[in-house]
Amino acid sequence: MSDDGTVRRVEGDELARARERFLTVDVRRPVGVRQSILASWSRSRESNVLADQLALQYVRDGDLDLDTPLTRSARPVLRQLAEQLDGQAVSIVLTDPKGVVLSRVTSDLALERQLDAISLAPGFSYAEAVVGTNGIGTALEAGRPMQVFGHEHYAEDLEELACAGVPVRHPTTGRTVGVLDLTCWRKDAGPLLMTLAKTTAEQIRQALLLQAGVQEIALLHAYLRACQHSSGMVFALSDDVVMMNAPASSALVAEDQVSLLRHAAEALAARRPSSTVELPSGVQVRLHTRPVQGAGWVSGAVVDVKVVPTATTRAGASGQTMLLPGLVGTSPLWQRACHEAEDAYRTGQWLALEGEAGSGKLALLRALHQRVDPSGHLAVVDGATSHGRSDAAWLAGARQVLAEESGTVVLRHLERLHAVPLRALCAAAQETAGRPGVWLALSVRTDPVGAETTRLLQLFPTTVHVPPLRHHAADVQQLVAFLLARLGHGSTVTCSTEALQLLQRSSWPGNVEQLVEVLRGVLRQRRTGAITAAELPPEVQAGSRRRLGTLEAMERDAIAHALHDAAGNKASAARALGMSRATIYRKIHDYGLVLATRP
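Residues numbered from 1 in each chain as written. Predicted model: local features only at pLDDT ≥ 70, side-chain atom pairs only at ≥ 80, totals over all residues. Heavy atoms only, no water.

1. Describing the pairing of strand β16 (residues 438-444)
Selection criterion: Classification of residues uses two cut-offs on accessible area relative to the type maximum, computed with a 1.4 Å probe and protein chains only: under 20% is buried, over 50% is exposed, and between them is partly exposed. Helix and strand assignments follow DSSP, with helices taken as H or I runs no shorter than four residues and strands as E runs no shorter than two, numbered in order from the N terminus. In this scheme, strands are said to pair when DSSP sees at least two bridges between them. By convention, orient the strands away from the viewer: a clockwise path from the first strand over the helix to the second makes the crossover right-handed.
Among the seven residues of β16, seven are classified as buried, and the element is accordingly described as predominantly covered. Here β16 shows two buried faces, one formed by V438, L440, L442 and V444 and the other by W439, A441 and S443. Bridge count for strand β13 (residues 351-354) against β16 is four bridges, and the pairing is parallel. Across the sheet, the residue bridging to L351 is A441, located in β16. Here strand β15 (residues 407-412) pairs with β16 via six bridges, running parallel. Following the sheet pairing, V410 is matched in β16 by A441. Traced from β15 through helix α13 (residues 419-432) to β16, the parallel crossover comes out right-handed.

If you want it as structure tokens, here you go:
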């Protein structure tokens, strides 16, 4: 038989002699040996597999997992096949993806004794690198069905047997999860052995597909329920699926995400409901892991993640934890930006903070100065105060600051300058470089434009990205309490749960600056008590995180105002706007408008 099963194979003494020549006189291409078998013989020899005896590896009982999706799916399929083969000298073997035998069913006593003698039994590895050419290990190495007859086996102890191994692949991921192998006496082998093995492997794959569907649906429902009840970081995982909500995917860098998934998988396997771990970024988090049942067994887990304040945080007047003076927030992305900026300040490297408008770049620089050099001077050169291309007074003042000031100098809003003053400011900054006693920081947009801005950035060896508020929305609760205190109402005004949920769901295109303005506007009407959802402006009551265009935002706000004026009555709001009820229902859903009633 050739590799495609259609051509005569070398048998008996002729094949035995070809194998002996390969093993003893280093014949590279024995005549009449199938290419796939010859390739396997070569791999076996390179792995130093013994041909004259078996040196099998046994997996300790504690390390052998016999309750897996593969074994559960295969169990009824193999039971039915065993009934069909009852009394036949054929053994049914199932292995894991490493070639370790998970189960073996044999109804023929003589064959069973032979398999026991060669340890083709649960817990023993039949990987090609351990045993040499065989139906299990060679099928795994080749990644396709393999049939091995008699003397084609590398180890002589297997030459009285024939086997057909078929890799079993997961129906959704395509990953090999094991091998279905049928083994019989060499003299009884025929083409039907491979046909039966392929059919059985496909039945197991179909059973895996059915099981995976039930499990993944259960996991999805549990994950969605968790997301509905939490504004923080949530993710779900199983052997084949990972789901992560927006707060987690945006707040965690890639290294932290990988670390979290590993720790969560370990916690699920060890049945630890809670654990505290330190991520690669240095942030400590607490995991609460909840197993999810699907099809009668654990199909995965849903994990809630909370950031643990570290010893480096400090309590401010509002009782909130502070990484730096006057700053609150414990999300990983925000903490990472603060730590990286402080490292640059303490080492004296000029620093560029990039981020969206209102994200807190200047506040972070002021906090760094207050932490590291509280008695030093801080000067801000603001391009927004320039009156145009020919504002000689502004340029002279900026040059004077760069030439004479010591301590911390912050450059901001330089993208608003014309090319001529920006070029002059860049030259003045170059002259400042290397002067002792001055530390220069640049606050810049995420997408700086223009050659002069790019040239200026070259003076700053360190760039730190300040995340937009929507990427660390878990900090909104702390920010609201802190800002209410800063605005002078911390002891008299609080935020209701409903209002806080809306604030946490908002996309905040204006970032923290917009949050400050929203709270300031609410406080003009409320002096005491709890802020309600109805008191929040329309752009906050729209719970969608999708970034809207200008016209969409205008339409959303108009609908929100109309609903507010109509006390939530959709029909009245639709009449006021001149649209049908069907249209306003659709728009409310599209824009994620939350209908809050008036107090």
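2. Re the layout of surface pockets
Formally: The way it works is a 1 Å grid over only the protein atoms, where trapped points that fit a 1.4 Å probe form a cavity and open points with protein on both sides within 12 Å along at least five of seven lines form a pocket, and then any residue with an atom within 4 Å of a point lines it. Grid points are joined across faces, edges and corners, and a volume is the space filled by probe spheres set on the points. Residues are grouped as follows: Ala, Val, Leu, Ile, Met, Phe, Trp, Tyr, Cys and Pro are nonpolar; Asp, Glu, Lys and Arg are charged; all remaining types, including Gly, are polar.
Of the pockets and cavities examined, the second largest pocket occupies roughly 690 Å³. At the level of secondary structure, the elements contributing two or more residues to the lining of the second largest pocket comprise α11 (361-372), β16, α15 (476-486) and α17 (511-523). Residue composition of the lining of the second largest pocket, grouped by class: 12 nonpolar, seven polar and eight charged.

3. Points about the sheet that holds strand β2 (residues 101-106)
Definition in use: Each axis is a line fitted through C-alpha atoms, and for a helix only the stretch in contact is used; angles between axes span 0 to 180 degrees, taken between their N-to-C directions.
Within the open sheet, the five strands sit side by side as β2-β1-β5-β4-β3. Their pairing is antiparallel. The open sheet terminates on both sides in strands that have one partner only, identified here as β2 and β3 (146-149). When strand polarity is set aside, the average angle formed by the axes of neighbouring strands in this sheet is 15°. By the bridge criterion, nine bridges tie strand β4 (residues 161-169) to strand β5 (residues 176-185) in an arrangement that is antiparallel. Looking at the pairing, G165 lines up with D181 of β5.

4. Comments concerning empty space enclosed by the protein
As enumerated under the stated definition, the model contains three cavities of 30 Å³ or more in all. By volume, the second largest cavity is sized at about 80 Å³. What lines the second largest cavity is I118, L120, Y126, N134, G135, I136, H153, L158, L161, C163, D181 and T183. Secondary structure elements with two or more residues in the lining of the second largest cavity: α6 (135-142), β4 and β5. Per-class residue counts for the lining of the second largest cavity are seven nonpolar, four polar and one charged.

5. Quick look at the packing of helix α3 (residues 69-84) against helix α7 (residues 192-228)
Rules: Every angle not falling under 35 degrees, over 145, or within 65 to 115 is termed oblique; those three ranges are roughly parallel, roughly antiparallel and roughly perpendicular. Helix crossings are classified by the rotation of the near helix relative to the far one: an anticlockwise turn of less than a right angle makes the crossing left-handed, while a clockwise turn makes it right-handed. By definition, residues are in contact when any of their heavy atoms lie within 4.5 Å.
One way to put it is that α3 packs onto α7 with a least axis distance of 9 Å and a crossing angle of 135°. With respect to each other, α3 and α7 are oriented oblique. Taken as a pair, α3 and α7 cross one another with a handedness that is right-handed. Contacts between α3 and α7 involve P69, L70, R72, S73, A74, V77, L78 and L81 from the former and L196, T200, Q203, I204, A207, L208, Q211 and Q215 from the latter. Taken together, the residues that form the contact of α3 with α7 break down as 10 nonpolar, five polar and one charged.

6. What to know about the pattern of salt bridges
What counts, and what does not: Only one rule defines a salt bridge in this text: a Lys or Arg side-chain nitrogen within 4 Å of an Asp or Glu carboxyl oxygen.
In this structure the tally under the stated criterion is 15 salt bridges. A salt bridge links E340 to R336; the nearest nitrogen and oxygen atoms lie 3.0 Å apart. With E340 and R336 both in helix α10 (residues 332-347) and four residues apart, this pair spans about one turn of that helix. The partner of R371 in a salt bridge is E342, and the shortest N-O contact between them spans 3.5 Å. Here R371, found in helix α11, pairs with E342, found in helix α10; they are 29 residues apart in sequence, far enough to count as distant. Classification of R371 by relative accessible area gives buried; the value is 18%. Beyond isolated ion pairs, a larger network of salt bridges with shared partners links R104, E112 and D116.

7. A look at the packing of α10 against α11
As a packed pair, α10 and α11 sit with axes 10 Å apart at the nearest point and diverge in direction by 55°. Taken together, α10 and α11 sit at an angle that is classed as oblique. Between α10 and α11 lies a crossing of right-handed hand. Packed against α10, whose contacting residues are A337, C338, A341, E342, Y345 and R346, the element α11 presents L364, L368, H369, R371 and V372 at the interface. Broken down by class, the residue content of the contact of α10 with α11 amounts to seven nonpolar, one polar and three charged.

8. Notes on the nonpolar core
The condition is simple: The term nonpolar core refers to a set of buried residues drawn from Ala, Val, Leu, Ile, Met, Phe, Trp, Tyr and Cys, joined through side-chain atoms within 4.5 Å.
In this structure, L351 and L364 are the most contacted members of the largest nonpolar core, which totals 43 residues. Contributions of two or more residues to this core are made by α10, β13, α11, α12 (392-404), β15, α13 and β16. Excluding its chain neighbours within four sequence positions, the residues that come into contact with L351 are A341, A344, L365, L368, W439, L440, A441, L442, F460, T462 and V464. The next biggest cluster of nonpolar side chains, apart from the first, holds 27 residues, and it includes L81, A162, A201 and L208.

9. Some points on the side chain of R34
Condition: We call two N or O atoms a polar contact when they sit within 3.5 Å, provided that within protein one can donate a hydrogen and the other can accept it, with sequence-adjacent residues counted only if both atoms are side-chain atoms.
Here R34 shows up in the loop between α1 (12-24) and α2 (35-46). Look at R34 and you get buried, because its relative accessible area is 9%. Of note is the side chain of R34, whose polar atom sits 2.5 Å from the backbone oxygen of Q147.

10. Concerning the packing of aromatic side chains
Worth spelling out the cut-off: Aromatic rings from Phe, Tyr and Trp, taking only the six-membered ring of Trp, are treated as a pair when their centres fall within 6.5 Å; an angle between ring planes under 30 degrees marks them as stacked, one over 60 as edge-to-face, and anything in between as tilted.
Per the stated rule, a full pass over the model turns up four aromatic pairs. With centroids separated by 5.4 Å and ring planes inclined at 45°, the aromatic side chains of F22 and W41 adopt a geometry described as tilted. On the criterion of sequence distance, the pair formed by F22 in helix α1 and W41 in helix α2 is long-range, its members being 19 residues apart. The class of W41 is buried, set by a relative accessible area of 0%. Considering the side-chain rings of W350 and F460, the 5.7 Å spacing of their centres and the 40° angle between planes classify their relative orientation as tilted. Of this pair, W350 sits in the loop between α10 and β13 while F460 sits in the loop between α14 (451-457) and β17 (462-465), placing them 110 residues apart in sequence. Using a relative accessible area of 4% as the deciding quantity, one classes F460 as buried.

11. With respect to α17
Since the α-helix packs 3.6 residues into each turn, any two residues three or four apart lie on the same face. Short version of the rule: Multiplying 1.5 Å by the residue count of a helix minus one yields the expected span of that helix.
With 13 residues, α17 should cover 18 Å at 1.5 Å per step; its first-to-last C-alpha distance of 19 Å lies within 8% of that length. All buried positions along α17 are accounted for by N511, V512, Q514, L515, V516, V518, L519, V522 and L523. Residues of α17 that are buried in the fold lie against α15, β18 (493-495), α16 (497-505), β19 (529-531) and α18 (538-541).

12. Side note on the confidence of the model for the chain
Definition in use: Each residue gets a pLDDT score, which is the predictor's confidence in that residue and runs from 0 to 100.
Per-residue pLDDT for the chain averages 83, and the proportion of residues at 70 or more is 88%. A low-confidence stretch, residues 4-10 (pLDDT under 50), is modelled with 10 contacts involving residues beyond four sequence positions or located in other chains. Within the model, pLDDT remains below 50 along residues 311-319, and this stretch shows 18 contacts once partners closer than five positions in the same chain are excluded.

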